[in-house]
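Report on the structure
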Amino acid sequence: MKFLLKLFSVCVFFVLLIVIAAISLKPITLTNQTLTPIQVAAAKHSLQRLLTELKKESAHINIVLYQTELDALSDLAAHTINNANFENYISAQTFTTAVSYNLSQLFKIQQQDFYINAYCSMSQQDSKFSVEHCKLGSIPIPQFIAEPLLFGALKHYLPSDSAQLAQHLFEQFSIQPNALALSASRPPLLITKVRESLNSIKQQATDFAVGSKFNTDKFYEYISVLENNKNNSNQLAYFIGLLFEKARSNMIAQPSLSAVRENRHALWALATYFGNRRFAKIAGLSMPSTIKPNQTPVLRTRQDLSLHFLYSAILEQLGGKQIGLNIGEIKELYDANEGGSGYSFADLAADKAGLSFSQFVVYSEQKARQAQQMLAGIKEEAVFFPQINKLPEGLSAIQFQQELGNKHSAQYKVLERIIDNRITELPLYQ
């Protein structure tokens with residue numbers, strides 16, 4: 001017993017040493033630029049160009065990512081994941097990828113910032129692209145440890161043949177002036193294996209976020225309510241009222257049921273039926289093609305606001321409220337580019353309303369029951385959805401910059417507070 005206690009103490013001591021060595025007082029990355037419409041468009045263009053090259057049927061694959069594109073992708077990642085800064089840069093014959101994560105913001109520590117810093121440097125070695133070395137905080141991770149960790153992670157998260165393909169392609173990269181390039185013979189079934197890899201990662205992320213929270217019969221119970229009443233209204237509020245009335249009646253008939261579980265099934269049924277049927281697949285369910293609505297219902301007389309609301313509700317379920325908001329902002333920034341519908345604060349209000357709604361109705365048993373009582377049988381959207389009057393819409397990239405600057409400006413924050421206050425004052429949250 002004494003030996004086990006000593007062994008445990010030694011293990012705890014070494015873990016604490018590693019934690020202390022991994023934490024830094026300063027970030028190793030530069031602060032990412034505030035995301036602009038042009039950067040969003042550049043990042044999307046890079047990803048589309050990459051996908052197009054992967055889909056080609058030529059004998060060779062040729063991909064070049066320039067430093068400007070890497071910068072745009074880094075800024076996009078930092079906007080999506082709060083408290084993190086990313087840097088990917090090319091210097092001479094070395095490519096370095098680095099990340100700094102601010103723990104102080106995560107744990108709301110005011111006095112001092114603490115960071116987890118990590119980076120890896122890669123270069124051409126012995127006719128193949130290899131990891132030179134990595135570092136976690138002040139802990140060096142040499143090549144003979146870093147590469148097995150990297151490729152071991154690939155084998156863990158990807159199908160075996162896809163992991164081998166990823167390693168093979170990684171080794172074919174090279175450094176060009178101000179660019180990272182891949183030129184290699186095209187492996188057979190490349191795009192199929194890429195899709196398999198993406199599906200595998202997506203499924204694992206979904207399993208982590210959603211888990212085993214869904215029951216097929218319960219999901220279809222709520223889908224049936226929508227299908228049987230689809231001709232009765234074109235208002236999203238009406239269908240929300242129907243589903244939460246069903247949830248409440250289920251709880252009355254069987255008090256031992258979980259209100260959170262009932263509300264979650266109602267929410268996903270609503271978003272799958274009216275938003276995107278692929279949401280069912282994310283939850284490990286399926287939707288027969290014969291089951292579909294007559295039309296997308298409206299919020300404030302607009303179908304697009306309903307879609308923003310429903311998509312944001314699912315994003316909150318999968319990644320949390322902040323990531324869902326960040327993704328909504330990225331979409332609006334992209335719309336501000338030429339040919340888009342423009343940056344819309346009405347759309348942003350719908351995003352925020354969907355995120356708040358999703359979080360509230362499954363937050364706890366008490367909140368879930370409160371939501372059922374408030375939403376059961378409603379027909380008025382003012383219970384859960386804010387007014388959108390006097391919110392700017394259709395702002396081009398130039399107008400957005402001239403009138404608001406960026407999302408950190410005082411002008412932008414004023415509009416955000418107006419939206420947040422309107423949502424906070426809704427009857428559902430009183």
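Below, the structure is looked at part by part. Everything quoted here is computed from the prediction, not taken from an experiment.

**Details of the state of the cysteines**
All chains considered together, the criterion is met by one disulfide. In this model Cys-120 forms its disulfide with Cys-134; the gap between the sulfur atoms is 1.9 Å. On the sign convention where negative means left-handed, the S-S torsion of about 110 degrees between Cys-120 and Cys-134 marks this disulfide as right-handed. A residue pair is termed long-range when its members are at least 10 positions apart, and Cys-120 in strand E5 (residues 115–125) and Cys-134 in strand E6 (residues 128–136) qualify at 14 residues. The class of Cys-134 is buried, set by a relative accessible area of 7%.

**Regarding the pairing of strand E7 (residues 139–142)**
Relative to E7, E6 runs antiparallel, the two sharing four bridges. Residue pairing in the sheet places Cys-134 in a bridge with Ile-141 of E7. Hairpin connection between E6 and E7: a loop of two residues separates the two successive antiparallel strands, and Gly-137 in this loop has a positive phi of roughly 60 degrees.

**Topic: the nonpolar core**
One recurring pattern in soluble globular proteins: nonpolar side chains tend to sit buried together. Residues Ile-240, Phe-309, Phe-345, Phe-357, Leu-375 and Phe-384 are the most contacted members of the largest nonpolar core, which totals 81 residues. Those residues within four positions of Phe-384 in sequence are excluded, and the remaining contacts are Ala-237, Ile-240, Leu-299, Phe-309, Ala-353, Phe-357, Leu-375, Ile-378, Leu-426 and Leu-428. Listed in part, the 23 residues of the second largest apolar core include Phe-95, Met-122, Val-131 and Leu-180.

**Observations concerning the sheet that holds strand E9 (residues 179–185)**
With antiparallel pairing, three strands are arranged side by side in an open sheet as E2-E9-E8. The open sheet has two free edges, formed respectively by strand E2 (60–66) and strand E8 (173–176), since each of these has just one partner strand. Across the sheet, the mean angle from the axis of one strand to that of its neighbour is 20 degrees, orientation sign disregarded. Where E8 and E9 come together, four bridges link them in antiparallel fashion.

**Description of the environment of Glu-381**
By the element assignment, Glu-381 lies in the loop between helix H15 (365–375) and helix H16 (397–403). Residues Glu-381 and Ala-118, 263 residues apart in the sequence, show an inter-C-alpha distance of 47 Å. Those residues in contact with Glu-381 that lie beyond four places of it in its chain are Gln-235, Ala-237, Val-298, Leu-299 and Arg-300.

**Some details on the packing of aromatic side chains**
In the structure shown here, the tally under the stated rule is 20 aromatic pairs. Between the aromatic rings of Phe-151 and Phe-170, the centroid separation amounts to 5.7 Å while the plane-to-plane angle is 75 degrees, which identifies the pairing as edge-to-face. Taken as a pair, Phe-151 in helix H5 (residues 143–157) and Phe-170 in helix H6 (residues 160–170) lie far apart in primary sequence, 19 residues in all. Looking at Phe-170, the relative accessible area reads 15%, which means it is buried. One aromatic cluster is present, formed by Phe-244, Phe-309, Phe-357, Phe-384 and Phe-385 through successive ring pairs.

**Structural notes on the pattern of salt bridges**
When their charged atoms lie close together, side chains carrying opposite charge are able to pair. A complete count under the given rule lists 17 salt bridges for this structure. For the salt bridge of Arg-186 with Glu-53, the shortest nitrogen-to-oxygen distance reads 3.4 Å. With a gap of 133 residues between them, Arg-186 in the loop between E9 and helix H7 (190–210) and Glu-53 in helix H2 (residues 37–55) connect regions that are remote in the sequence. Here Lys-407 and Glu-329 are joined by a salt bridge, their closest N and O atoms 2.9 Å apart. Of the two residues, Lys-407 is situated in the loop between H16 and helix H17 (410–424) and Glu-329 in helix H13 (residues 321–335); the sequence distance between them amounts to 78 residues. You'll find Lys-407 and Glu-329 in the same group, each marked buried. Counted as one network, the salt bridges with shared partners bring together Lys-218, Glu-221, Lys-246 and Glu-262.

**Re helix H14 (residues 345–361)**
In this model H14 runs 24 Å from its N-terminal to its C-terminal C-alpha over 17 residues, within 8% of the 24 Å that 1.5 Å per residue would give. Taken across its 17 residues, H14 has 16 buried, putting it largely inside the fold. Of the residues flanking the start of H14, the one acting as N-cap is Ser-344, its side-chain oxygen 3.3 Å from the backbone nitrogen of Ala-346.

**So, the packing of H2 against H7**
Close contact between H2 and H7 brings their axes to 8 Å; oriented N to C, the two are set at 130 degrees. Taken together, the axes of H2 and H7 lie oblique to each other. Contacts between H2 and H7 involve Leu-51, Leu-54 and Lys-55 from the first element and Leu-190, Ile-191, Val-194 and Arg-195 from the second. Partitioning the contact of H2 with H7 into residue classes produces five nonpolar, no polar and two charged.

**Observations regarding a nonpolar patch on the surface**
Residues Leu-106, Phe-107 and Ile-109 make up a contiguous nonpolar surface patch of about 280 Å² in total accessible area. Structurally, the position occupied by Phe-107 is in helix H4 (residues 103–107).

**Side note on unusual backbone geometry**
Within the chain, Leu-189 stands out as a residue other than glycine whose phi angle is a positive 55 degrees. For Lys-390, which is not a glycine, the phi torsion comes out positive at approximately 65 degrees. When you line up the elements, Lys-390 lands in the loop between H15 and H16. Under the relative-accessibility criterion, Lys-390 is labelled exposed at 78%.

Rules of the game
Residues numbered from 1 in each chain as written. Predicted model: local features only at pLDDT ≥ 70, side-chain atom pairs only at ≥ 80, totals over all residues. Heavy atoms only, no water. Disulfide = S-S within 2.5 Å. Helix = DSSP H or I, 4+ residues; strand = E, 2+ residues; numbered from the N terminus. Buried < 20%, exposed > 50% of the residue type's maximum accessible area, 1.4 Å probe, protein only. Pairing = 2+ DSSP bridges. Core = buried A, V, L, I, M, F, W, Y, C linked by side-chain atoms within 4.5 Å. Contact = heavy atoms within 4.5 Å. Axes fitted to C-alpha atoms, helices over the stretch in contact; angles between N-to-C directions. Phe/Tyr/Trp six-rings, centres within 6.5 Å; stacked < 30°, edge-to-face > 60°. Salt bridge = Lys/Arg side-chain N within 4 Å of Asp/Glu carboxyl O. Expected span 1.5 Å × (residues − 1). Polar contact = N/O pair within 3.5 Å; in protein donor to acceptor, adjacent residues only side chain to side chain. Parallel < 35°, antiparallel > 145°, perpendicular 65-115°, else oblique. Nonpolar A, V, L, I, M, F, W, Y, C, P; charged D, E, K, R; others polar. Patch = residues over 30% accessible without salt bridge, like charges linked within 9 Å, V, L, I, M, F, W, Y side chains within 5 Å. Areas by Shrake-Rupley, 256 points an atom, 1.4 Å probe, with all protein chains shown as cover.

Note that all results are geometric; they support no functional claim without further evidence.
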